[in-house]
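# Inside the fold
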Amino acid sequence: MIAIITTTATCCLPSPPPPLYIMALLSKSLLMVTIIAILMAVVVAPSGLTDDLHQKDVDGDDSSSGDLPSAGLRRLLARYKSPTCDTNPRACYIRGSAGPNCCNKQCVNVKTDRLNCRNCGRRCKFTESCCKGECVNLAFDKGNCGKCGKTCRRGSYCIYGMCGYV
């Protein structure tokens, strides 16, 4: 008796993925392409919002510069102004604010701001800085030599912002 042995060749060949797997992979790929396209449109769109090349921007002048945002983006941002300290006194106490005092609709620190030193509108001279609310010359002040609060030893002088420079 001769026995006939039959073998199947399908044991060694890889089976194709099921059709649902292919559809899921294609839908994920399509979703990723769609998301990337939307993100690119959002990034590129604000620069294309200009209606006219000569249209005046928010400030009223029609100057154009390559390093400034487009006029459309400036108009969009102008709609969402942050609250100023003259309408909301607590705006100057928000973290990241320039200071706790309100001068001319701007938050400032009157102890360090050389345009509003001690009081709103009190300006320090060109060569002076505002240290603790006083206008001082950092190049020659013994109590603020080179920077605010740096004092020179007794008997030494502050010259050009350095203590005891001779």
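Anything mentioned here points back to the structure above.
Residues numbered from 1 in each chain as written. Predicted model: local features only at pLDDT ≥ 70, side-chain atom pairs only at ≥ 80, totals over all residues. Heavy atoms only, no water.

### Some thoughts on the overall build of the protein chain
Using the following cut-off: In this description a helix means any DSSP run of H or I spanning at least four residues, a strand means any run of E spanning at least two, and both kinds are numbered starting from the N terminus. Only protein chains enter the area calculation, which uses a 1.4 Å probe; residues under 20% of their type maximum are buried, those over 50% are exposed, and those in between are partly exposed. Between two residues, a contact is recorded if the distance between any of their heavy atoms is within 4.5 Å.
On a plain count of helices and strands, the protein chain comes out with 2 helices and 6 strands. Ordered by position from N to C terminus, the α and β elements of the protein chain give α-α-β-β-β-β-β-β. When the 166 residues of the protein chain are sorted by exposure, 17% land in the buried category. For the protein chain, contacts bridging at least 24 residues in sequence account for 4% of all contacts bridging at least 6.

### Focus on the side chain of Asn116
We count it as follows: Polar contact is defined as a pair of N or O atoms within 3.5 Å, subject to the rule that within protein one atom must be able to donate a hydrogen and the other to accept it, and that residues adjacent in sequence are counted only when both atoms are side-chain atoms.
Tracing the backbone through its elements, the reader meets Asn116 in the loop between strand E2 (106-108) and strand E3 (129-131). Looking at Asn116, its side chain comes within polar contact range of the main-chain nitrogen of Gly121, at 2.7 Å. Setting aside its immediate chain neighbours within four residues, Asn116 contacts Cys103, Val108, Asn109, Val110, Gly121 and Arg122.

### Re the side chain of Asn144
Structurally, Asn144 is set in the loop between strand E4 (134-136) and strand E5 (158-159). The contacts of Asn144, once residues within four sequence positions are left out, are Cys131, Val136, Asn137, Leu138, Gly149 and Lys150.

### Observations concerning the pattern of salt bridges
As a reminder, the rule being used: Salt bridges, as used here, are contacts in which a Lys or Arg side-chain nitrogen is within 4 Å of a carboxyl oxygen on Asp or Glu.
Within this structure, the stated rule accounts for 1 salt bridge. Note that Arg118 is salt-bridged to Glu134, the shortest N-O span being 2.4 Å. Separated by 16 residues along the polypeptide, Arg118 in the loop between E2 and E3 and Glu134 in strand E4 bring together distant segments of the chain. Of the residues examined, Arg118 reaches a relative accessible area of 42% and is grouped as partly exposed.

### Overview of the environment of Cys145
Its place among the elements puts Cys145 in the loop between E4 and E5. Separated by 15 residues in sequence, Cys145 and Tyr160 place their C-alpha atoms 8.2 Å apart. Leave out the neighbours within four places in its chain, and Cys145 touches Leu138, Lys150, Cys152, Cys158, Gly161, Met162 and Cys163.

### Things to note about the state of the cysteines
This is how it is decided: We call a pair of cysteine sulfur atoms a disulfide when they lie within 2.5 Å.
Enumeration over the complete set of coordinates arrives at 8 disulfides. Between the sulfur atoms of Cys92 and its disulfide mate Cys107 the distance is 2.2 Å. Measuring handedness by torsion sign, the sulfur bridge of Cys92 and Cys107 sits at about -90° and is left-handed. Residue Cys92 is located in the loop between helix H2 (71-79) and strand E1 (101-103), and its partner Cys107 is located in strand E2; the two are separated by 15 residues in the primary sequence.

### Here we look at the packing of aromatic side chains
Cut-off, in case you're wondering: In this scheme Phe, Tyr and Trp rings, the latter by its six-membered ring, pair at centre separations within 6.5 Å, and the angle between planes marks the pair as stacked below 30 degrees, edge-to-face above 60, and tilted otherwise. Lysine NZ or arginine CZ positioned within 6 Å of the ring centre and within 35 degrees of the ring normal marks a charge as sitting over the ring.
Taken as a whole, this structure holds 1 aromatic pair when the rule is applied. The ring of Tyr157 has Lys142 sitting right over it, with the charged end atom 5.7 Å from the ring centre.

### Some remarks on a nonpolar patch on the surface
Note the following rule: Surface patches are defined over residues having more than 30% relative accessible area and no salt bridge, joining like charges when they lie within 9 Å and nonpolar side chains (Val, Leu, Ile, Met, Phe, Trp, Tyr) when within 5 Å. Note on areas: Shrake-Rupley, 1.4 Å probe, and residue coverage restricted to the protein chains presented here.
Nonpolar side chains collect at one region of the surface, where Leu31, Met32, Ile35 and Leu39 lie side by side and expose about 390 Å² of accessible area between them. By the element assignment, Leu39 lies in helix H1 (residues 19-44).

### A look at unusual backbone geometry
The residue Arg118 is not glycine, and still its phi comes out positive at about 75°. In this model, Lys132 sits at a positive phi of 55°, which is unusual for a non-glycine residue. Structurally, Lys132 can be placed in the loop between E3 and E4. For Lys132, a relative accessible area of 74% corresponds to the exposed category.

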